[in-house]
Amino acid sequence: MNLLDKLTNHIYKSKYKKISLEEIKFDTFYNEVDGKLIIIFNEQIRQDSSFREEINNVAKDIRDIIKNDNFNLWNAYLLVLVNKNSFKEKYYYIERDVRNLRKYVIQNENDILRIPFISFEKNIKDSDQTKGHNYSVSEELKKLYESLKDRGGDRKKLTNSEIDKTMDETRFLEVRDD
């Protein structure tokens, strides 16, 4: 199984569905639960200084397209697949360049496991899993919130000393022997 197939399998196992955006010529996947969009750039790598700029130009074009299609740009990722690396070069510097889109470089199967939103080892939340759960705030937290609010914390930024005094008064971080 080649690297693209392995990556695609991981993506499908993480509850993503393949979608088609006319202007994007790359494989595109979308997770409706968390709103993440993945685009796989699977082109042959050239070993020269223009590669980084080529990736950024592709990312800029994709960014413009998905912005017009009302996708959340903060949840859009470009996965740069380096399937055949005859140069034995590490291309991870591309990930540090966050212009246009966030990027991950995939050079081997271990790189797939570095991507937190397509790791099938963790429990992926389905929309049905979160329905019906009741989350309650502890009494201590409610008391702290009310005390901060009484000091005007809902209308202004409190100073550190005001926050510390409130925490001391409510004994918020006090260790208890239960």
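Refer to the preceding data block for the structure.
Residues numbered from 1 in each chain as written. Predicted model: local features only at pLDDT ≥ 70, side-chain atom pairs only at ≥ 80, totals over all residues. Heavy atoms only, no water.

## Regarding the sheet that holds strand β5 (residues 102-106)
What holds strands together in a sheet is hydrogen bonding between their backbones, with the strands either parallel or antiparallel.
Here's step 1: A sheet is described by the order of its strands in space; here five strands give the open sequence β1-β2-β3-β4-β5, paired in mixed fashion. Looking at strand neighbours, the two that pair on one side only are β1 (17-19) and β5, the edges of this open sheet. Ignoring strand direction, the axes of neighbouring strands in this sheet form an average angle of 30°.
Here's step 2: The sheet contact formed by β1 and strand β2 (residues 27-31) spans three bridges and is antiparallel. Residue pairing in the sheet places Lys-17 in a bridge with Tyr-30 of β2.
Here's step 3: Packed on one face of the sheet, helix α1 (residues 3-13) meets β1, β2, β3 (36-41), β4 (76-81) and β5 and runs near 155° to β4. (Pairing = 2+ DSSP bridges. Helix = DSSP H or I, 4+ residues; strand = E, 2+ residues; numbered from the N terminus. Axes fitted to C-alpha atoms, helices over the stretch in contact; angles between N-to-C directions. Contact = heavy atoms within 4.5 Å.)

## Details of the packing of helix α6 (residues 139-150) against helix α7 (residues 160-170)
A pair of packed helices can be characterised by two numbers: the angle between their axes and the separation between those axes.
Here's step 1: The contact between α6 and α7 brings their axes to 10 Å, and the two run at 135°. When the interaxial angle is binned, α6 and α7 end up oblique. Viewed along their axes, α6 and α7 form a crossing whose handedness is right-handed. Contact with α6, carried on its side by Lys-143, Leu-144, Ser-147 and Leu-148, involves Ile-163, Thr-166, Met-167 and Thr-170 of α7 and no other residues of that element.
Here's step 2: When the residues that make up the contact of α6 with α7 are grouped by side-chain class, the tally is four nonpolar, three polar and one charged. (Parallel < 35°, antiparallel > 145°, perpendicular 65-115°, else oblique. Left-handed = near helix turned anticlockwise from the far one by under 90°. Nonpolar A, V, L, I, M, F, W, Y, C, P; charged D, E, K, R; others polar.)

## A look at the pattern of salt bridges
Here's step 1: Within this structure, the stated rule accounts for eleven salt bridges.
Here's step 2: With a closest N to O distance of 3.3 Å, Lys-60 and Asp-64 form a salt bridge. Placement of both Lys-60 and Asp-64 in helix α2 (residues 50-68) is noted, with a separation of four residues, approximately one turn of the helix.
Here's step 3: Judged by relative accessible area, Lys-60 falls into the partly exposed class, the value being 40%.
Here's step 4: When its relative accessible area of 29% is taken as the criterion, Asp-64 is described as partly exposed.
Here's step 5: Connected through salt bridges with shared partners, the residues Glu-53, Asp-97 and Arg-99 form a single ionic network. (Salt bridge = Lys/Arg side-chain N within 4 Å of Asp/Glu carboxyl O. Buried < 20%, exposed > 50% of the residue type's maximum accessible area, 1.4 Å probe, protein only.)

## A closer look at the nonpolar core
Here's step 1: Judged by nonpolar contacts, the single largest core of 23 residues is most densely connected at Ile-24, Ile-62, Ile-66, Leu-78, Val-80 and Ile-94.
Here's step 2: Breaking this core down by element, the ones donating at least two residues are β3, α2, β4 and α3 (93-96).
Here's step 3: It is α2 that provides the largest number of residues to this core, a total of seven residues.
Here's step 4: Not counting residues within four places of it along the chain, the set of residues in contact with Val-80 comprises Phe-41, Phe-51, Ile-55, Ile-94, Tyr-104, Val-105 and Ile-106.
Here's step 5: Leu-3, Leu-4, Leu-81 and Ile-115 belong to the second largest nonpolar core, which has 17 residues in total. (Core = buried A, V, L, I, M, F, W, Y, C linked by side-chain atoms within 4.5 Å.)

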